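Working through the structure, step by step
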Amino acid sequence: MIKRFDAIIVGAGQAGPPLAGRLTAAGMTVALIERKLVGGTCVNTGCMPTKTLVASAYAAHLARRAAEFGVRTGDVGIDMRAVAARARTVVSDAREGNEAWLAGMTGLTLLRGHARFTGPTTIAVDNEILTAPRIFLNVGGRASVPDMPGVGDVPHLDNTDMVALEAVPAHLVVVGGSYVGLEFAQMYRRFGAAVTVVERGERLIAHEDADVSDAVRDILEDEGIAIRTGANCIAFARHEDGVAVSVDCDAGEPVVIGSHVLLAVGRRPNTDDLGLEHAGIATDAKGYVIVDDLLQTNVPAIWALGDCNGRSAFTHTAYNDYEIVAANLLDGDDRTLSQRLVGYALYTDPPLGRIGMTQAQAEASGRPILVSSRPMTRVGRAVERGETKGFIKIVADAETQRILGAAILGVGGDEAIHGILDMMNADQGVAALRWAVPIHPTVSELIPTVLLGLEPVVRT
């Protein structure tokens, strides 16, 4: 017997549940299929547990600095079981809240199981067959395992494993010098582990400007994290003390011995076992579902939202995917992906808030640009908090006077960047922020000063 619905949503991550809410509120019957945990990566193994762990690591770091603030403490110890338990509580509370929300949704049927297409309008969930004229994929992604020599012969961790650890590694070797790897590197260094970051490229977070990359490296090295960039021949082998990681860098020991190895070299979409071929859904070479500007696939009435479509793998962009689809389907709007400005953050301490083009990207566009930067030592809030590492940089178009992009590496950078993001979304020029009167003392109050310092970039 085939069960009929007005819509089927595969995956209960960031886009799926709110879309179910909008569709059921519009009177539709909806099947939401989840094969594992409601809430997806963000709630269960991504944003919520990692940022909870970051908070614990920051508390330990600040406690060790207490004397700088005139506060006396004893020796700082880490109860990793308690740290992990706190993260689990945050996760379970969020997941249970989502589940309760879905349980009270009139018109929704939540199915637990593995969904596979049997045709363009039919999906099998275990022994049941469902059909609907509209199908939405929100299946997320998972950590990828790199094709490196010996990787299958040694124990290794991914982000899911890391948030479940209840003991501090003696020596954590992080393979991958981008966002996930660096957040875990600093976190576990503050928990007391020796940490080495191994990156194949010549610098960390290589898609950022070199000055941002260099500053992040300095911050991490100041905390005792070893950074091995230019690791051009990474390989793994078992060792009596854990895992031997060959790095073959130009300087330093050619092999690093770690008690634990974290692989943080990218993610892959959860699309390889959905039977997409039975529906004729097109994917790219990496398995991401190909979508147009409206998030529609090549098959009529099938959409793909969130990490599985390869169009910005962030929690907030997945949620925005839902907003775009719902607005177009239910509100008669004309919203598209190309209208979206994507901001993001690196949650090291201090954090990096980013929006728009880097300086390198702006220069590569060939347009005349203006650039200005100021160190966080100029920010009263940062001085008062004793957290003055980092800087603010803004890039603007010299002809249109529109902001092209910005980076705020410093205390509160992940929040302060929204002032610039909002101006860019509103399509306001530099002058609109130059004469703003920001609250004192805040990180944001330096932004008008940075704008006043914009100067042309002279190409050589």
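Located above this text is the structure these notes cover.
Described below are features of the structure shown in this document.

Criteria and cut-off values
One numbering rule holds for all chains: residues counted from 1, following each sequence as written. Where totals are concerned, whole chains, interfaces and linings use all residues; where local detail is concerned, this predicted model gives features only for residues with pLDDT of at least 70, and gives and counts side-chain atom pairs only at 80 or more. Only heavy atoms go into the side-chain values, all of them from the structure, while hydrogens and water stay out. What counts as a helix is a DSSP run of H or I of at least four residues, what counts as a strand is a run of E of at least two, and both are numbered from the N terminus. Using C-alpha atoms as the atom set, the radius of gyration is obtained and then compared with a globule rule of 2.2 Å times the number of residues to the power 0.38. Burial classes: relative accessible area under 20% of the type maximum marks a residue as buried, over 50% as exposed, and values in between as partly exposed (1.4 Å probe, protein chains only). Only the protein chains shown count as cover for residues, and all accessible areas are computed by the Shrake-Rupley method using a 1.4 Å probe. We score Asp and Glu as negative and Lys and Arg as positive, and we do not count His or the chain ends. Here the site of a charge means NZ on Lys, CZ on Arg, CG on Asp, or CD on Glu. Criterion used throughout: strands pair if DSSP finds at least two bridges between them. Cavity and pocket criteria rest on a 1 Å grid covering protein atoms alone: a 1.4 Å probe that fits but cannot get out defines a cavity, protein on both sides within 12 Å along at least 5 of 7 lines defines an open pocket, and an atom within 4 Å of a point defines a lining residue. Grid points are joined across faces, edges and corners, and a volume is the space filled by probe spheres set on the points. A fitted line through C-alpha atoms serves as each axis, taken over the contacting stretch for helices, and the angle formed by two N-to-C directions is quoted from 0 to 180°. Should an angle fall under 35 degrees it is taken as roughly parallel, and over 145 as roughly antiparallel, whereas 65 to 115 is taken as roughly perpendicular and any remaining angle as oblique. In this scheme, a crossing is called left-handed if the near helix is turned counterclockwise away from the far one by less than a right angle; it is called right-handed if the turn is clockwise. Every residue pair with non-hydrogen atoms within 4.5 Å of one another is taken to be in contact. Gly falls in the polar group here, along with every residue not listed as nonpolar (Ala, Val, Leu, Ile, Met, Phe, Trp, Tyr, Cys, Pro) or charged (Asp, Glu, Lys, Arg). Helix span, expected: 1.5 Å multiplied by one less than the number of residues in the helix. Note that bend, as reported per residue, equals the angle between axes fitted to the 7 residues terminating at that residue and the 7 residues originating from it. Buried Ala, Val, Leu, Ile, Met, Phe, Trp, Tyr and Cys residues form a nonpolar core when they are joined through side-chain atoms within 4.5 Å. Cysteine sulfur atoms are paired as a disulfide whenever they come within 2.5 Å of each other.

In this section: the overall build of the protein chain. Along its length, the protein chain carries 14 helices and 24 strands. Relative to a compact globule of 460 residues, whose C-alpha radius of gyration would be 23 Å, the protein chain shows 24 Å and is just as compact. Referenced to the eigenvectors of the C-alpha coordinate spread, the extents of the protein chain come out at roughly 70 × 60 × 45 Å. The 460 residues of the protein chain split such that 51% are buried. Here the protein chain has roughly 20500 Å² of accessible surface; of this, 51% comes from carbon and sulfur atoms. A distance of 2 Å separates the average location of the 41 positive side-chain charges in the protein chain from that of its 55 negative side-chain charges.

In this section: the pairing of strand β6 (residues 122-125). Judged by which residues are buried, β6 turns out to be covered on both faces: Thr122 and Ala124 on one side and Ile123 and Val125 on the other are all buried. Looking at chain direction, strand β5 (residues 115-119) and β6 are connected through four bridges and run antiparallel. Its bridge partner being in β6, Arg116 is matched across the sheet by Ala124. Two successive antiparallel strands, β5 and β6, enclose a turn made up of two residues. Sheet topology note: the β6/strand β7 (residues 128-131) ladder contains four bridges and is antiparallel. Counted as the bridge partner of Ala124 is Ile129 from β7.

Size it by volume and the second largest pocket reaches roughly 360 Å³. The wall of the second largest pocket is formed by 18 residues, among which Pro351, Arg385, Val411, Gly412 and Asp414 lie closest to the centre. If you list the elements that add at least two residues to the lining of the second largest pocket, you get α3 (47-64), α11 (380-385) and α12 (413-425).

Here α3 crosses helix α6 (residues 179-190) at 45°, and the two axes come no closer than 8 Å. Comparing their axes, α6 and α3 come out oblique. Of the two possible hands of crossing, α3 and α6 adopt the one that is left-handed. Of α6, the residues touching α3 (which contributes Thr50, Lys51, Leu53, Val54, Ala57, Tyr58, Ala60, His61 and Arg64) are Glu183, Phe184, Met187 and Arg190. Tallied by class, the residues present in the contact of α3 with α6 amount to seven nonpolar, two polar and four charged.

Next up on the list: α12. In this model, α12 (13 residues) spans 18 Å end to end at C-alpha, consistent with the 18 Å of a helix rising 1.5 Å per residue. If you look at α12, its biggest bend is around 25°, right at Gly419. For α12, the elements touching its buried residues are β19 (343-346), β20 (352-356), β22 (391-397), β23 (403-409), α13 (430-434) and α14 (446-452). Once α12 ends, the next one or two residues include Asp427, with phi positive near 55°.

As a further point, take the sheet that holds strand β15 (residues 255-258). Read across the open sheet, the three strands follow the order β13-β14-β15; overall the sheet is antiparallel. Strands at the two margins of the open sheet, each flanked by one partner only, are β13 (235-239) and β15. Averaged over all pairs of adjacent strands, the angle between strand axes in this sheet comes to 25°, irrespective of strand direction. Where strand β14 (residues 242-246) lies against β15, four bridges are found, and the strand directions are antiparallel. Among the inter-strand pairings, Ala244 is bridged to a residue of β15, identified as Ile257.

As a further point, take unusual backbone geometry. Asp349 connects to Pro350 through a cis peptide bond whose omega is 0°. The topology assignment puts Pro350 in the loop between β19 and β20. Note that the residue after His440, namely Pro441, is joined by a cis bond; omega there is -5°. The backbone of Asp126 sits at a positive phi, close to 55°, despite the residue not being glycine. Following the sequence through the fold, Asp126 ends up in the loop between β6 and β7. Its relative accessible area of 55% is what places Asp126 among the exposed residues.

Our next topic: the nonpolar core. Residues Ile8, Ile33, Phe117, Ile123, Phe136, Leu137 and Ile281 are the most contacted members of the largest nonpolar core, which totals 48 residues. Apart from residues no more than four positions distant in its own chain, Phe136 is found in contact with Ala7, Ile8, Ile9, Val10, Leu19, Leu23, Trp303, Leu305, Val325 and Leu329. In terms of nonpolar packing, the next biggest core, distinct from the first, is built from 38 residues, Met80, Val83, Leu157 and Val174 among them.

A covalent bond bridging the sulfur atoms of two cysteines is what the word disulfide describes. If you walk through the whole model with that rule in mind, you get zero disulfides. Residue Cys308 stays outside any disulfide, its sulfur separated by 16 Å from that of Cys42, the closest cysteine.

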